[in-house]
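Descriptive analysis of the structure
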Amino acid sequence: MKIMSAATTTTTATAVVWKTLFTDTFSSSCLRMPIVGAPMAGVSGGRLAAATMQAGALGFIAAGHLTANSMKDLQAEIQLYRDLMKQHYDQQQQQPEPETIPLALGFIGHSATGSNDEQAWDRYRHILQHEKPTVVQFFAPAITRHPTTGQTNVELAHEVGRANGGGACLFLAQVGSVQEGIEAIAAGVDGIIAQGSEAGGHGLRHPHGNPVLTLTARLRQVAPAHVPVLAAGGIVDGRGMAAAMVPGLADGVVLGTRLYATPEALGRDAFKQAIVEAKSCDDAIRTTVFDQIQNVYFPTPWPVPYDSLGALKNDFTAEWDGKTDALDAALKQQQHDASGVLQSFRQANEKGNVRIAPVLAGKGVGEIHSIEPARDVIARIEQEARQIMQEMSNKHLVRLVG
Ligand SMILES: Cc1cc2nc3c(=O)[nH]c(=O)nc-3n(C[C@H](O)[C@H](O)[C@H](O)COP(=O)(O)O)c2cc1C
């Protein structure tokens, strides 16, 4: 057994198994390392989740907004995941107990358990009862309350998990501020994801968000000793993972954008290619302009303060970022002008035109050089991080003699 900075690893003949607060708390028949594949709506389906789990990390399927229309799609992705996991275990000639096979689902709080939408809560309960996830993740907001009973989404997950028998249903809360983290801890979550403003996808708009390492450090201090804290935002390689996992920071890391650029991810090839072609962190931005325009026609508009996206800069952000009033005016005028900004934005989105449409991506772009299988990405990051952590323990200390 070898002691490393923030973690312990056990080397066996075939595999290295990490031991952190996260791997202890979220242990399963698959988990060998403190890496999570983020639930990314429209990107993390059954194929990516299965590849992530098979690589030894915790791979989420995104349940997203969980509308009445998207229930069937989610169930199909879960079935695909189960089929791929079964094939995997058959190939390995393993037959793990069913309750130790993980299923991780990520929900968007404001829509999947809306504050005045009992039917949304019924769908959430249905998924908990029938699909029996072993882990659920919530975000935007992380903690929600049933409109009439007052029960929280955390209590419901724990209650149904217990009633299902077998393993529990653990709850991960993704937060962007210390205050949200404190609320999640008070609600009894089993783990916290500190989502920094570097992250791809939705997150707290400026000035509510925080840099990932600053937020992780503070949440590690305020979280009880048994609650793991993970870092999310801009982590795409072993350097990022090792940096986030120095003592006093994270118990594990979340990969979003890096796993988007994989063949297993859902989503357009043109978007994945744009992520690969981005040259540096300068090419990504956190902006409210995409939400401002999409909220005009989306059935599940994003509320303040979650209405900003980590995305690639493009012609649309160049024209409109920071010009809220002007965009508002253009959208109002639109009612009389079918060729206006809204129309062309929707068309560009439908066609996957990366010059106009939002390509969700975090500040780690520039260090993503190809579209590669998730398994290879995860293995490389894990190995790089291990090597860096070992080097760090030797590098910075000079022994004075005499
Ligand atoms: C394409 C995309 C979609 C996302 N969708 C979701 C989502 O549905 N639910 C969620 O909790 N987070 C979502 N996120 C945010 C991730 O959970 C995570 O915080 C983020 O990807 C971490 O930053 P990184 O992308 O720089 O790795 C999304 C991120 C991306 C890139």
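Structural notes, computed from the coordinates. (Residues numbered from 1 in each chain as written. Predicted model: local features only at pLDDT ≥ 70, side-chain atom pairs only at ≥ 80, totals over all residues. Heavy atoms only, no water.)

**What to know about the overall build of the protein chain**
The cut-off we apply is this: Strands are runs of DSSP state E lasting at least 2 residues, helices are runs of H or I lasting at least 4, and numbering of each runs from the N terminus. Working definition: with a 1.4 Å probe on protein chains only, accessible area under 20% of the residue-type maximum means buried, over 50% means exposed, and in between means partly exposed. Only the protein chains shown count as cover for residues, and the accessible areas themselves come from Shrake-Rupley with a 1.4 Å probe. Two residue types count as positive, namely Lys and Arg, and two as negative, namely Asp and Glu; His and chain ends fall outside the count. To locate a charge, take atom NZ for lysine, CZ for arginine, CG for aspartate or CD for glutamate.
Each helix and strand in the protein chain was counted, giving 16 helices and 14 strands. Along the first, second and third principal axes, the C-alpha set of the protein chain runs to 75 × 60 × 40 Å. Burial analysis of the protein chain (402 residues in total) assigns 52% to the buried set. Total accessible area on the protein chain is roughly 18200 Å²; 51% of this is exposed by carbon and sulfur atoms. Taken together, the 33 basic and 39 acidic charged side chains of the protein chain have centroids lying 4 Å from each other.

**Digging into the sheet that holds strand S12 (residues 252–255)**
We apply this condition: We treat two strands as partners when DSSP finds at least two bridges between them. An axis is simply a line fitted to the C-alpha atoms; with a helix, the fit covers only the stretch in contact. Between two such axes, the angle follows the N-to-C directions and lies from 0 to 180 degrees.
With parallel pairing, eight strands are arranged side by side around a closed barrel as S4-S5-S6-S7-S8-S9-S11-S12. Between one strand axis and the next, the sheet turns through 25 degrees on average, direction left out of account.

**Structural notes on the site of the ligand**
The cut-off we apply is this: It suffices for a single heavy atom of a residue to lie within 4 Å of a molecule or strand for the residue to be listed as near it. Polar contacts, as counted here, are pairs of nitrogen or oxygen atoms within 3.5 Å of one another; within protein the pair requires one atom able to donate a hydrogen and one able to accept it, and residues that are adjacent in sequence qualify only if both atoms are side-chain atoms. Think of it as three bins: nonpolar holds Ala, Val, Leu, Ile, Met, Phe, Trp, Tyr, Cys and Pro, charged holds Asp, Glu, Lys and Arg, and polar takes everything else, Gly as well.
Taken together, the neighbourhood of the ligand is formed by 23 residues, with Pro-39, Gln-174, Gly-234, Gly-256 and Thr-257 sitting nearest. Contact distances for the ligand include 2.9 Å between an oxygen atom and a backbone N or O atom of Gly-256. Surface burial for the ligand is 97%, taken as the share of its 590 Å² of free accessible area covered by protein chains. Of all the elements in the fold, those that place two or more residues in the shell around the ligand are strand S7 (135–139) and helix H10 (257–260). Within the shell around the ligand, the residues separate by chemical class into 12 nonpolar, 10 polar and one charged.

**Some thoughts on the sheet that holds strand S13 (residues 284–287)**
The antiparallel open sheet is built from three strands, whose spatial order is S10-S14-S13. Since the sheet does not close on itself, it has two edges, and those belong to strand S10 (201–203) and S13, each with one partner. Between one strand axis and the next, the sheet turns through 25 degrees on average, direction left out of account. Relative to strand S14 (residues 308–312), S10 runs antiparallel, the two sharing three bridges.

**Considerations on the environment of Leu-128**
Rules: What makes two residues a contact is simply this: any of their non-hydrogen atoms within 4.5 Å.
Examined against the element boundaries, Leu-128 turns out to sit in helix H5 (residues 118–131). Here Leu-128 is in contact with Pro-133, Val-136, Leu-156, Ala-157, Val-160, Asn-164 and Cys-169, once residues within four sequence places are set aside.

**Quick look at the layout of surface pockets**
Note the cut-off: Lining residues are those with an atom within 4 Å of a point, where the points come from a 1 Å grid over the protein atoms alone and group into cavities, where a 1.4 Å probe fits but cannot get out, or pockets, open sets with protein on both sides within 12 Å along at least five of seven lines. Grid points are joined across faces, edges and corners, and a volume is the space filled by probe spheres set on the points.
Taken as a whole, the second largest pocket spans an internal volume of roughly 470 Å³. Put simply, the parts of the chain that give the lining of the second largest pocket at least two residues each are helix H3 (71–91), H5 and helix H6 (153–164). Here the lining of the second largest pocket takes six residues from H3, the largest share from any one element. Looking at side-chain class alone, the lining of the second largest pocket contains 10 nonpolar, nine polar and six charged residues.

**Some remarks on the environment of Tyr-89**
Relative to the elements of secondary structure, Tyr-89 occurs in helix H3. Sequence separation of Tyr-89 and Gln-54 is 35 residues, and the distance between their C-alpha atoms is 9.3 Å.

**Re the packing of aromatic side chains**
So the rule is basically this: Working definition: a ring pair exists when centres of Phe, Tyr or Trp rings (six-membered ring for Trp) sit within 6.5 Å. Plane angles under 30 degrees give stacked, over 60 give edge-to-face, the rest tilted. Only when the NZ atom of a Lys or the CZ atom of an Arg is both within 6 Å of the ring centre and within 35 degrees of the ring normal do we say a charge sits over the ring.
Per the counting criterion, the structure on display carries 11 aromatic pairs. Between Phe-22 and Phe-26, the ring centres sit 5.1 Å apart and the planes meet at 25 degrees, which makes this aromatic pair stacked. With a centroid separation of 4.9 Å and an interplanar angle of 45 degrees, the aromatic rings of Phe-316 and Phe-345 are classed as tilted. Here the residue Phe-316 occupies a position in helix H13 (residues 315–320), and Phe-345 occupies one in helix H15 (residues 341–351), the gap between them amounting to 29 residues. Here Phe-316 and Phe-345 have matching classes, each one buried. Taken together, Phe-107, Trp-121, Tyr-124, Phe-138 and Phe-171 form an aromatic cluster joined through their ring pairs. Over the ring of Tyr-297 we find Arg-346, and its NZ or CZ is 4.0 Å from the ring centre.

**Some words on the pattern of salt bridges**
Basically, it comes down to this: A pairing counts as a salt bridge when a side-chain nitrogen of Lys or Arg comes within 4 Å of a carboxyl oxygen of Asp or Glu.
Inspection of every chain in the model, using the stated rule, returns 12 salt bridges. Across the pair Arg-82 and Glu-131 runs a salt bridge, and its minimum N-O distance is 2.9 Å. Within this pair, whereas Arg-82 is found in helix H3, its partner Glu-131 is found in helix H5, the two being separated by 49 residues in sequence. The shortest N-O distance in the salt bridge between Arg-258 and Glu-372 comes to 3.3 Å. Within this pair, whereas Arg-258 is found in helix H10, its partner Glu-372 is found in the loop between H15 and helix H16 (374–395), the two being separated by 114 residues in sequence. Judged by its relative accessible area of 2%, Arg-258 is buried. Through salt bridges that share partners, Arg-258, Glu-372, Arg-380 and Glu-384 make up one connected network.

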